[in-house]
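Inside the fold
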There are 2 protein chains.
Amino acid sequence: MTMTPINERCDAQGLGDFQRIAVIGGGLMGSSVLRALRARSDQPAMLSVHDICARTRDRLGQFGLADRYCATAASAVAGADLVILAIPVGAFGPVLQAIRAELQPGATITDVGSVKTTVSDTFGHMLPAHVHAIPGHPIAGKEASGPEAGCGQLFHGRWVILTPEQNVDDRALTRLSDFWISLGARVASMSAQKHDSILAMTSHLPHLLAFSMMKTVRDAEGRQGDCTRFSAGGFRDFTRIAGSDALMWRDIFMDNRDNVLAALSQFLVQLSALKSHIEEADSGPLLEMLEHIRESHRQTFTAAVRQPGLVAEPVMTNVPLCPNAQADWSRILSNADDRVA
Amino acid sequence: MTMTPINERCDAQGLGDFQRIAVIGGGLMGSSVLRALRARSDQPAMLSVHDICARTRDRLGQFGLADRYCATAASAVAGADLVILAIPVGAFGPVLQAIRAELQPGATITDVGSVKTTVSDTFGHMLPAHVHAIPGHPIAGKEASGPEAGCGQLFHGRWVILTPEQNVDDRALTRLSDFWISLGARVASMSAQKHDSILAMTSHLPHLLAFSMMKTVRDAEGRQGDCTRFSAGGFRDFTRIAGSDALMWRDIFMDNRDNVLAALSQFLVQLSALKSHIEEADSGPLLEMLEHIRESHRQTFTAAVRQPGLVAEPVMTNVPLCPNAQADWSRILSNADDRVA
């Protein structure tokens, strides 16, 4: 097994030959997987879903997203050759407890959680040796949640990071990679530790800062008013992720605590340097630092855009839609690097 | 003169009866004003523009955005009844020095700078009493700059904040308001101090944090690699404003130093509270705080969407465009609160 990216194809393949797929959790991620599978001509023979919430199961049924809507996780996974956990990482313990006796030999079990070291530990402690346990994380999502928020194209052009243990079966890893690729994703594998360190920096820390910024502005709003009223797209984009699910983010900050705090320390060093330049009115060094950062930004996102095979990202704004919105958006599409600052 | 919003209409009016308009600076903001004016059926009788850069003047000429392309600011403002400074605030001194003798009695002079207290001071010191000096700030922009980046609809649905001194002529203030409204904007007036305090919180501080975040990630990238490669739309949105013009932001941080540092202090209090909860594994209080923030976010942006008369915002992403992008975007438009987290 390799720790470098194992697959960067984004051309659709077969579903990794999985024929009986069970999805545990029918929220944003779980229902997106189901939608993506339902849209395929080569659908698996059996698609089972369990959600702890009866109302969610009903909604999934109304959308027609599965063949079986199971009241227990154990009944959903019985006979499945692929099990996908799309539930809060904090719920893994009881769910694994409930399903482990039902997992058939040779089945693959994976998940979609944002922190991987704790998932690796839990899988290692709780799963029998006769299943292929491969933690995973599709780097895709929204601040919206629930079965209604799902989208069959959520994984298009997105990375799915798998964090297999050293002893994983190579064929099982390839098979799971092919599954995600067939849903439009690109797959890389790395250690759980590396995943958690990277994501702390590029996702968990920005969320922490966005939550803090939103709280700061709302408190200021309470004192003097008129803050958010006169804000622009820059503020909206910057704080968008502060609309994300609180429970999920509580778990992420707890599970990835050391990496998040380390990333925060590094951030505070940079913030402190900029703050000092401003305090001291060090005009020259401040300009130099800002120019350097702007160039970093340009390089980062130019490189991202140049990644081969990357399709348009479903990145959207909370814009109010008015009758001429469609025309506006078409116009804007022809000038794709325009955003209100 | 009132310090509460003086006008919240967004229906197009006449151009405030300005017939000879001079724009100083042909970059993003100046060329956007010119484009908006050129698109009108009731264009002013004379549209003059000056930019210190000959190449920019040539570009403006190629786009056909003005009647006169002036090599000096003084020649551009001669005979104008409205002068709009769309240049870095750091350049106001020499430019006002160059034009003040040419400003005709009764002319209105305004600007588009992001910090207003320093502009008020400069106007007060350098302009003759026989002109109406009214500082202004359209809360609109992009991270792109230059005459090519301009857009005639940049001000549609955006606030323009005017910060008149107490002794300003009411009719001049109304006339300038009508001008901006005719370009699609909404106008509010307030003290320069209040403007600078609000914008420090909702624009200047987020920029400072985005610059710091971008620097942190790039340094981490240099140490371990693969950070930005596996980042998602959340990171991209969060750091988008770090692509903004470095010189402009150097000036903003310098000119609005006290407010920016005060806002930063308030932010650090909130960040520190969240950090403590994470360090101490205070799961309950952390969840409570995140839920409260998420609700604040929802209220803020629901309120923003509900503002009457607000048209679709030209908020856009740097998405790579591929053949099916248009279809993807149309699909996404039908689900307008979806964004990759």
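Since we're looking at a predicted model, the values are computed, not measured.

**Topic: the packing of aromatic side chains**
Per the counting criterion, the structure on display carries 17 aromatic pairs over all chains. Taking the centre distance of 6.1 Å and the plane angle of 35 degrees together, the rings of Phe235 of chain A and Phe301 of chain B count as tilted. Linking Phe235 of chain A in helix H8 (residues 233–239) with Phe301 of chain B in helix H11 (residues 283–306), this pair reaches from one chain into another. Using a relative accessible area of 1% as the deciding quantity, one classes Phe235 of chain A as buried. By relative accessible area, which is 5% here, Phe301 of chain B ends up buried. Of the aromatic side chains, those joined through ring pairs into one cluster are Phe18, Phe155, Phe179 and Trp180 of chain A.

**Some details on the packing of helix H4 (residues 92–99) of chain B against helix H5 (residues 117–126) of chain B**
Residues and elements named next belong to chain B. Running from amino to carboxyl end, H4 crosses H5 at an angle of 30 degrees, the nearest separation of the two axes being 11 Å. It follows from the interaxial angle that H4 and H5 lie roughly parallel. Both H4 and H5 take part in a crossing whose hand is right-handed. Here Phe92, Gly93, Leu96 and Gln97 of H4 come into contact with H5, specifically with Val119, Thr122, Phe123 and Met126. When its residues are assigned to classes, the contact of H4 with H5 shows 5 nonpolar, 3 polar and no charged.

**Regarding the environment of Ala144 of chain A**
Within the secondary structure, Ala144 of chain A is located in the loop between strand S7 (136–138) and strand S8 (159–162). With near-sequence residues (within four places) excluded, Ala144 of chain A lies in contact with Leu28 and Ala149 of chain A.

**What to know about the sheet that holds strand S2 (residues 46–50) of chain A**
Residues and elements named next belong to chain A. Read from one edge to the other, the open sheet built from 6 strands follows the order S3-S2-S1-S4-S5-S6, with strand pairing classed as parallel. Either end of the sheet is taken by a strand with one partner, and the two such strands are strand S3 (68–70) and strand S6 (132–133). The pairing of strand S1 (residues 20–24) with S2 spans 5 bridges and is classified as parallel. What sits directly across from Ile21, in S2, is Leu47. Sitting on the sheet, helix H5 (residues 117–126) is in contact with strand S4 (82–85), strand S5 (108–111) and S6, with an inclination near 150 degrees to S5.

**Concerning the confidence of the model for chain A**
Residues and elements named next belong to chain A. Chain-level statistics for chain A give a pLDDT mean of 85 and a share of 85% at 70 or above. With pLDDT under 50 throughout, residues 1–7 is counted as low confidence; its partners more than four residues away or in other chains account for 26 contacts. A low-confidence stretch, residues 305–341 (pLDDT under 50), is modelled with 135 contacts involving residues beyond four sequence positions or located in other chains.

**A look at the sheet that holds strand S5 (residues 108–111) of chain B**
All names here are of chain B. Read from one edge to the other, the open sheet built from 6 strands follows the order S3-S2-S1-S4-S5-S6, with strand pairing classed as parallel. Each edge of the sheet is formed by a strand with only one pairing partner; in this case those strands are strand S3 (68–70) and strand S6 (132–133). Relative to S5, strand S4 (residues 82–85) runs parallel, the two sharing 4 bridges. Of the residues in S5, the one forming a bridge with Leu82 is Thr108.

Reading the values: rules and limits
Residues numbered from 1 in each chain as written. Chains lettered and ligands numbered in written order. Predicted model: local features only at pLDDT ≥ 70, side-chain atom pairs only at ≥ 80, totals over all residues. Heavy atoms only, no water. Phe/Tyr/Trp six-rings, centres within 6.5 Å; stacked < 30°, edge-to-face > 60°. Helix = DSSP H or I, 4+ residues; strand = E, 2+ residues; numbered from the N terminus. Buried < 20%, exposed > 50% of the residue type's maximum accessible area, 1.4 Å probe, protein only. Axes fitted to C-alpha atoms, helices over the stretch in contact; angles between N-to-C directions. Parallel < 35°, antiparallel > 145°, perpendicular 65-115°, else oblique. Left-handed = near helix turned anticlockwise from the far one by under 90°. Contact = heavy atoms within 4.5 Å. Nonpolar A, V, L, I, M, F, W, Y, C, P; charged D, E, K, R; others polar. Pairing = 2+ DSSP bridges. pLDDT = per-residue confidence, 0-100.

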